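# A structural walkthrough
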Amino acid sequence: MLDLIVRNAKLPGQKDLTDIACHNGKIVETGPQLDASAAHEIDAGGLLVTPPFVDSHFHMDATLSFGSPRVNESGTLLEGIALWGELKPDLTVEAIKQRAWELCRWSIARGTLAIRSHVDICDPRLLAVDALLEIQREVKPYIDLQLVAFPQDGYLRDPNAKAQLKTALDKGVNVVGGIPHFERTMADGADSVRQLCEIAAERGLLVDMHCDETDDPNSRHIESLSYETQRLGLQGRVAGSHLTSMHSMDNYYVSKLIPLIAEAGVTAIANPLINITIQGRHDSYPKRRGMTRVKELIAAGVPVALGHDCVMDPWYSLGSHDMLEVASMALHVGQMTGMDQMREMFRSVTQRGAETMHLEGYGLEQGCNADMVILQARDEVEALRLKANRLQVIRCGKVISEMPPATAKLDLDGAAHEVDFRLKRSV
């Protein structure tokens, strides 16, 4: 007997309903009206069943620290970095783990079962590295957590960063990060990109750099990252995160830059909630939107994934780790309201994120991991519009989170009505 069958599921991009049969943590068969029985059956009733959500860019070491030791009143990136610097001396492994575990419980309830988290390696004690490596092992039954060695204070700017980054990688952190726009000069930024990519090439690791998280159109480290990716043969293993300076660059330069990114096989990771909050702080009016050119990158064939980046930390005071909120913000600020564009934003927090993290066994085909989320929506666009409830979250064929449907019961002069904000017709 099978462990689980999810019946009458609407899969992303498909019209017909299908059943999904699971056994020993894997999807063993899919198809309409499967002639099979299972210990547990769920009737999705035509609702959308999706692979888990993926957060391609996050900072778990800082999450849920909002208000400690104070609040970022200016809302700027630089005050956030300074505030994190004030907090670091008081960090403990236990405190980091407590906050991280609380966030992971939120993530599970939101159906976010894969997270790439940058971890600051510029604390000589490497407490955050040790704490998140422990969290990585502890949450493995529920969440795929990938860690990036992130030199928050600058790989060349911080005199201890080189040795500490190497130690973090030796401990088991397996993605190389960087922040070239925070180095002292543009030349140092480019040199940091070169050195960090060489480390990744030598060790056979992935790369994910904070690149050009600034309003300065002359910050062009994504160009250096694309060059080093090709020089070192790292195609398909490199991501550039944020890329917000691109919203301020002139169109001629961007018309050259985006094809270089595509040619190098570099993935772009936008963080719309944080990008539009932090960027443009020095503008009066008109104000720049802050997010990178997602629509143009996708049109050029550049894979685009999305990250939540922060939840209640020195940089962002809001959030509940809802990747549908992230995708919704991206399509709004990027003016991507065409049907195909909205579906691509849904893919940016599912499939594209899985590709970015090189997740194995991700998807809803036979042989994939039996990981999925049943949403209170009939398709991807409705899920984005409603920030749909995650009715069931399934990991390895087992329901690990349930949420009741969101409905309102109305009494209008004795006439009962039920509202769930879904159209009664197909679009």
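The coordinates are above.
Anyway, here's the lowdown on the structure attached to this text. What you see is a predicted model, and the numbers here were worked out from it, not measured in a lab.

Mapping Thr112 onto the fold places it in strand E7 (residues 112–120). Thr112 gets classed as buried once you look at its relative accessible area, which sits at 0%. In this structure Thr112 touches Phe53, Asp55, Ser107, Ile143, His321 and Met323, once residues within four positions along its chain are discounted.

This part takes up the sheet that holds strand E5 (residues 49–50). Read from one edge of the open sheet, four strands run E5-E14-E15-E16, paired in antiparallel fashion. Lying at the two open borders of the sheet, with one neighbouring strand each, are E5 and strand E16 (398–402). Where strand E14 (residues 372–375) and strand E15 (residues 390–395) come together, four bridges link them in antiparallel fashion. Within E15, the position partnered with Leu375 by the bridge is Arg390.

Attention now moves to the packing of aromatic side chains. Tallied over the entire structure, the rule returns two aromatic pairs. With 6.5 Å between their ring centres and 45 degrees between their planes, Trp84 and Trp315 make a pair best called tilted. Pair noted here: Trp84 is in helix H1 (residues 77–87) and Trp315 is in the loop between strand E13 (304–306) and helix H10 (323–333), with a separation of 231 residues, a long-range link. Note on Trp84: relative accessible area 2%, which makes it buried. Given a relative accessible area of 9%, Trp315 falls into the buried group.

With that settled, the discussion passes to the packing of H10 against helix H11 (residues 339–348). It is the contact of H10 with H11, at a shortest axis distance of 9 Å, that shows an interaxial angle of 145 degrees. As H10 runs across H11, the sense of the crossing is right-handed. Along the contact surface, H10 presents Leu324, Ala327, Ala330 and Leu331, while H11 presents Met342, Met345 and Phe346. Split into classes, the residues belonging to the contact of H10 with H11 amount to seven nonpolar, no polar and no charged.

A word on the side chain of Ser65. Position of Ser65 among the secondary structure elements: in the loop between strand E6 (53–58) and H1. The contacts of Ser65, once residues within four sequence positions are left out, are Leu87, Arg99, Met312, Asp313 and Pro314.

Rules used throughout
Residues numbered from 1 in each chain as written. Predicted model: local features only at pLDDT ≥ 70, side-chain atom pairs only at ≥ 80, totals over all residues. Heavy atoms only, no water. Helix = DSSP H or I, 4+ residues; strand = E, 2+ residues; numbered from the N terminus. Buried < 20%, exposed > 50% of the residue type's maximum accessible area, 1.4 Å probe, protein only. Contact = heavy atoms within 4.5 Å. Pairing = 2+ DSSP bridges. Phe/Tyr/Trp six-rings, centres within 6.5 Å; stacked < 30°, edge-to-face > 60°. Axes fitted to C-alpha atoms, helices over the stretch in contact; angles between N-to-C directions. Left-handed = near helix turned anticlockwise from the far one by under 90°. Nonpolar A, V, L, I, M, F, W, Y, C, P; charged D, E, K, R; others polar.

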